Amino acid sequence: MNNEQAKIISELSGTNAKQCMKCGKCSGRCPMFDSMDIKPHQFVSLIAKGQTDKLLESKSIWYCLSCMACVERCPRGVAPAAVIEAVRESVIRVQGQNQLKAEEVPQFVDPEFPQQILVSAFRKYNR
Amino acid sequence: MQRIGVFVCWCGSNIAATVDVKRVAETLGQEPGVVYSADYQYMCSENGQQLIKTAIKEHGLTGIVVCSCSPRMHEATFRKTAESAGLNPYMVEIANIREQVSWIHKDIEEATVKAIILGRTAIAKLLLNTPLTAGETGVTKRALVIGGGIAGIQTALDIAEAGYEVDIVEQRPTIGGRMAQLDKTFPTLDCAACILTPKMVDCAQNEKIDILSYSEVEEVKGFVGNFTVKIRKKARYIDEKKCTGCGICMSVCPSKKGLNEFNMNLNNRPAAYIPFAQAIPNVAVIDPEQCIKLKTGKCGLCSMKCEAKAIDYTQQDSFVERNYGAIVVATGFKIADLKYFNEYGYADNKDVITSLELERLMNAAGPTKGTLLRPSDNTHPHVITFIQCVGSRDISGCGKPYCSKICCMYTAKHAMLIREKYPDTEVHVFYIDVRTPGKNYDEFYRRAVEQYDVDYIKGMVGKVYNENGKLMVQGSDLLSNEQITIASDLVVLAAAIEPEPSVRKIATLLTTSIDTNNFLTEAHAKLRPVESPTAGIFLSGMCQGPKDIPETVSQASACAAKVIGLLAKDKLKCNPCVSISDDSMCIGCGTCANVCPYGAITYVDKEFRLGGGKTEVRRVASVNEAVCQGCGACTVACPSGAIDLKGFTTKQIMAEVEAVCKR
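Just so it is clear, the structure is predicted and the values come from calculations on it, not from any experiment. (Residues numbered from 1 in each chain as written. Chains lettered and ligands numbered in written order. Predicted model: local features only at pLDDT ≥ 70, side-chain atom pairs only at ≥ 80, totals over all residues. Heavy atoms only, no water.)

All right, on to the overall build of chain B then. The secondary structure content of chain B amounts to 18 helices and 34 strands. Taken over the C-alpha atoms alone, chain B extends approximately 90 × 70 × 40 Å along its principal axes. A burial count over chain B gives 52% of its 663 residues as buried. Within chain B, residue pairs in contact and separated by at least 24 positions form 68% of the contacts whose partners lie at least 6 positions apart. Approximately 29,500 Å² of chain B is accessible, and the part contributed by carbon and sulfur atoms is 51%. Computing the positive centroid from 74 side-chain charges and the negative centroid from 74, chain B places the two 4 Å apart. (Helix = DSSP H or I, 4+ residues; strand = E, 2+ residues; numbered from the N terminus. Buried < 20%, exposed > 50% of the residue type's maximum accessible area, 1.4 Å probe, protein only. Contact = heavy atoms within 4.5 Å. Areas by Shrake-Rupley, 256 points an atom, 1.4 Å probe, with all protein chains shown as cover. Lys, Arg positive; Asp, Glu negative; His and termini not counted. Charge placed at Lys NZ, Arg CZ, Asp CG, Glu CD.)

Looking now at the sheet that holds strand β7 (residues 165-169) of chain B. Residue and element names in this part refer to chain B. One open sheet accounts for 5 strands, arranged β10-β7-β6-β18-β29; its pairing is parallel. In this open sheet, the two edge strands, each paired with only one partner strand, are β10 (209-212) and β29 (537-539). On average, adjacent strands in this sheet sit at an angle of 20° to one another, irrespective of strand direction. Pairing geometry for strand β6 (residues 142-146) and β7, over 5 bridges, is parallel. Across the sheet, residue I146 finds its bridge partner in β7, namely V169. The sheet strands contacting helix α6 (residues 150-161) are β6, β7, β10 and β18 (326-329), and the helix crosses β7 at an angle near 165°. Sheet strands touched by helix α15 (residues 549-567): β6, β18 and β29. Its angle to β29, the strand with the most contacts, is close to 160°. (Pairing = 2+ DSSP bridges. Axes fitted to C-alpha atoms, helices over the stretch in contact; angles between N-to-C directions.)

Okay, the environment of L259 of chain B next. All names here are of chain B. Examined against the element boundaries, L259 turns out to sit in strand β13 (residues 258-259). Note: C-alpha distance between L259 and P198 (61 residues apart in sequence) is 27 Å. In contact with L259, other than residues within four places in its own chain, are N265, N267, N268 and R269.

In this section: the sheet that holds strand β12 (residues 226-233) of chain B. All names here are of chain B. Within the open sheet, the 3 strands sit side by side as β11-β12-β17. Their pairing is antiparallel. The open sheet has two edge strands, β11 (215-223) and β17 (318-324), and neither has a second partner. Each neighbouring strand pair of the sheet contributes to a mean axis angle of 20°, computed without reference to strand direction. Direction of pairing for β11 relative to β12: antiparallel, over a ladder of 8 bridges. What sits directly across from F223, in β12, is N226.

This brings us to the domain arrangement of chain A. Reports often express the size of an interface as the amount of accessible area lost when the parts come together. Entries for chain A in the domain assignment read domain 1 (3-94) and domain 2 (100-127). Taking the mean C-alpha position of each, domain 1 of chain A and domain 2 of chain A sit 30 Å from one another. (Domains from an automatic or database assignment.)

In summary, the side chains of a regular strand alternate between the two faces of the sheet. Residues and elements named next belong to chain B. Extensive coverage of strand β21 (residues 383-390) is indicated by the burial of 8 of its 8 residues. Sheet analysis places β21 next to strand β22 (residues 426-431), joined by 5 bridges and oriented parallel. Within β22, the residue paired with T385 across the bridge is H428. Sheet topology note: the β21/strand β27 (residues 490-495) ladder contains 5 bridges and is parallel. Paired with I387 across the two strands is L493, which belongs to β27.

Okay, the packing of aromatic side chains next. Residues and elements named next belong to chain B. Scanning all chains against the criterion turns up 7 aromatic pairs over all chains. Ring plane angle 15° and centroid distance 4.4 Å describe the contact between F262 and F276, whose orientation is recorded as stacked. Of this pair, F262 sits in the loop between β13 and β14 (268-269) while F276 sits in the loop between β15 (272-273) and β16 (285-286), and the two are 14 residues apart along the sequence. Look at F276 and you get buried, because its relative accessible area is 11%. Considering the side-chain rings of Y445 and Y456, the 5.0 Å spacing of their centres and the 70° angle between planes classify their relative orientation as edge-to-face. (Phe/Tyr/Trp six-rings, centres within 6.5 Å; stacked < 30°, edge-to-face > 60°.)

Residue and element names in this part refer to chain A. Viewed as axis vectors pointing N to C, helix α1 (residues 3-13) and helix α6 (residues 80-93) meet at an angle of 120°, and their least axial separation amounts to 8 Å. With respect to α6, the axis of α1 lies oblique. For α1 against α6, the interelement crossing comes out right-handed. Contact with α1, carried on its side by Q5, I9, L12 and S13, involves A82, V83, A86, V87, E89 and S90 of α6 and no other residues of that element. Residues of the contact of α1 with α6, tallied by class, amount to 6 nonpolar, 3 polar and 1 charged. (Parallel < 35°, antiparallel > 145°, perpendicular 65-115°, else oblique. Left-handed = near helix turned anticlockwise from the far one by under 90°. Nonpolar A, V, L, I, M, F, W, Y, C, P; charged D, E, K, R; others polar.)

Attention now goes to the interface of chain A and chain B. The interface is formed by 19 residues belonging to chain A together with 21 residues belonging to chain B. Where chain A touches chain B, the interface holds 2 salt bridges. Taking the shortest distance from any N to any O, the salt bridge between K25 of chain A and E343 of chain B comes out at 2.6 Å. Applying the counting criterion to the chain A and chain B interface returns 14 residue pairs in polar contact (both at pLDDT 80 or more). Breaking the side of chain A that touches chain B down by element, the ones donating at least two residues are α2 (25-29) and α3 (40-49) of chain A. If you tally residues by element for the side of chain A that touches chain B, the top one is α2 of chain A, at 4 residues. Partitioned by chemical class, the residues of the side of chain A that touches chain B number 6 nonpolar, 7 polar and 6 charged. (Salt bridge = Lys/Arg side-chain N within 4 Å of Asp/Glu carboxyl O. Polar contact = N/O pair within 3.5 Å; in protein donor to acceptor, adjacent residues only side chain to side chain.)

Glancing now at α6 of chain B. Residue and element names in this part refer to chain B. Taking 1.5 Å of rise per residue, the 12 residues of α6 would be expected to cover 16 Å, and the 16 Å separating its terminal C-alpha atoms lies within 8% of that figure. Among the 12 residues in α6, 10 count as buried, and that is most of the element. Looking at the buried side of α6, the elements it contacts are β6, β7, α7 (192-205), β10, β18 and α15. Once α6 finishes, G163 follows within two positions and takes phi at roughly 100°, a positive value. (Expected span 1.5 Å × (residues − 1).)

All right, on to empty space enclosed by the protein then. All names here are of chain A. Taken as a whole and assessed by the stated rule, the structure comprises 9 cavities of 30 Å³ or more. Its volume calculated, the largest cavity comes out at about 120 Å³. As for the largest cavity, its lining consists of 14 residues, and the residues nearest its centre are C20, C23, G24, C26 and C74. Sorting the residues of the lining of the largest cavity by element identifies α2 and α3 as the ones contributing at least two each. Grouping the constituent residues of the lining of the largest cavity by class yields 9 nonpolar, 2 polar and 3 charged. (1 Å grid on protein atoms, 1.4 Å probe; cavity = no way out; pocket = protein on both sides within 12 Å on 5 of 7 lines; lining within 4 Å. Points joined across faces, edges and corners; volume = space filled by probe spheres on them.)

Let's shift gears to the state of the cysteines. Counting across every chain of the model gives 1 disulfide over all chains. Between the sulfur atoms of C191 of chain B and its disulfide mate C194 of chain B the distance is 2.3 Å. Between C191 of chain B and C194 of chain B, the S-S dihedral sits near 95°, and the bridge is therefore right-handed. The partly exposed category is assigned to C191 of chain B, whose relative accessible area is 22%. Cysteine C20 of chain A is unpaired, with the sulfur of C26 of chain A as its nearest cysteine sulfur at 6.6 Å. Free cysteine C74 of chain A: the closest other cysteine sulfur is in C23 of chain A, separated by 6.3 Å. (Disulfide = S-S within 2.5 Å.)

Along the chain, T121 of chain B falls in helix α5 (residues 108-126). Sequence-distant contacts of T121 of chain B, defined by excluding residues within four places in its chain, comprise E656, A659 and V660 of chain B.

Now for a nonpolar patch on the surface. All names here are of chain B. Judged by side-chain polarity, F648, I653, M654 and V657 come together as a nonpolar surface patch covering roughly 330 Å² of accessible area. Examined against the element boundaries, F648 turns out to sit in the loop between β34 (643-645) and α18 (650-661). With relative accessibility at 40%, the residue F648 sits in the partly exposed group. (Patch = residues over 30% accessible without salt bridge, like charges linked within 9 Å, V, L, I, M, F, W, Y side chains within 5 Å.)

So, in structure tokens, the structure goes:
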């Protein structure tokens, strides 16, 4: 149980998982349903329960097409795709993973890059 | 000089936990004019009231302030208490220290100070109160029921049974409403028409009941006990008195393209028609949009064939004006629009239908004579999928936030009837929750599952699409955690219900309140469920909220009981807190009459003495105290300050404001 993480994910997604009435319409509509180990409706339900560990390990987050069909059709104003996106971001941002090392940066730098991009990239990935 | 008593209620711990009641009583006891103050655990209890009565007598009180809950709760109680101790009931003021203080504050010091201020405010007002006497008005012993569905019919029958006259105004050409369209009724599966039409006939034959069909309420004036209502009788182009309902006009009418509303537009009807065989009144009507004679002037076939000579193409809308003591709203419901739900393909596929359309397809008097054939090709559907909660419990903005209540039961009914009549049919039901509270309801639903083998799938449908003539219903099966697709021949949507749209106009005419979903608001959700907050207006059936037939009939009878209670009175006590105009200050400008929502103000020419034997005639405002509801709009609008509201005079309000501001 990781409530803090669940809170962060909820905030990032801007969705209130408690509004979900467990109808499963999101999973009924999802075009990638069969490829997902954790289904869209389960994302919402696990966030509501604060069980984020399973989500962070899930392969589903890399299968979601962000087609937003689940968001469009949800009768309760819940956005499963936004939750998936937030989990994806959380995984990317976890310290020690996927970060950009300062010494590796120069080889990618294009002189045309605005400085701001570099600064924000460091902020985002090099905690 | 007044002698005021202050009574501070603890309301158990409701007030006493947050407000120092002893300190409130002591501090207010020091106020000028106050000769007695006390606190008590429950002021509204028998003992609490006795305390007030004793104090009034022993201390010779001329007015009392009760610091307690909202005046909406117990003002009437304490007025009665005061009256029984010989005080004028309008010498009672309530300081609301529960809803406005203890329930919303946490800090005891802050709450206590505020309670003292509110108490002081009430004292300031009471010092300027004068005893008021309520007048009386008569009651017109006749009721109006707006809407002729099962709710309106039951209410009208019950009122008539008690011996009072009732008029039913129905906007459609016949009474019967939605129930007349249904095939069978749950949970007993008796046919809707078999139980409804005898009641319709009772209405027609009851000499106390007058049915004004194809009519609408146009204007409402007056107040409880004395309403005057103008009713528009829409032109039928047929003389109701002459028409025998033989139906010859229907068979000869060459215009057959009108959509049959009674059959949910599933087939067509002629321009001259009787909605259904058992219609009451059994009188035809001509649809001016479809009638060739009315549109082009050429035709007149029905007129030539009509033996009763009932056809009258020149008929115009006519108006009747009648007086009523009480008005019942029974406007009913309709199926909500599905335009925001294109995932179910309702607009694109003829074989995606609503449950009400299915009722007509299964009804022996319907377009298929009761044989279940799908609309696109008139073949028998072998796989039927039901989808529940279409547009209900939806807070996305596309649907309705409420549960429509009846869908779980009628879907179980449809599924069962289909499996009974056509055992070779596969029936699937997608559900979110199955809600079947009610006598014999859950047993009914379980029968559908256990005896009739209906396949209930926990999950919602994501989309319906057409593939090679099959309707592919894709949804989730949450219990097996799968996404499934069912190739179906017919898809039935349990669409949300919503109040009949005309109720908005009616609520405005009646100055009664309506909620965000267009359901009419009751006076009290639990304790006064069939009365509206506007005196003399009552609610019956679906206009107040979703409900099934048994519940509608119970509510309709409850509503009738309330109406009978009102009509049985010979006199009604009026509210004495009404407007009064000071002739010497009135300039006759007409502003107050313009803002008065009740039409209570008229103008009269009055003769005034100028002195020296001279007189002058001036136009001044005159308030009909029986009509005035004491809203106070006129007092605000009056430019010369001539109009004042008894019990809430400008002086009293200003004294209250000063008391609030004083530190």
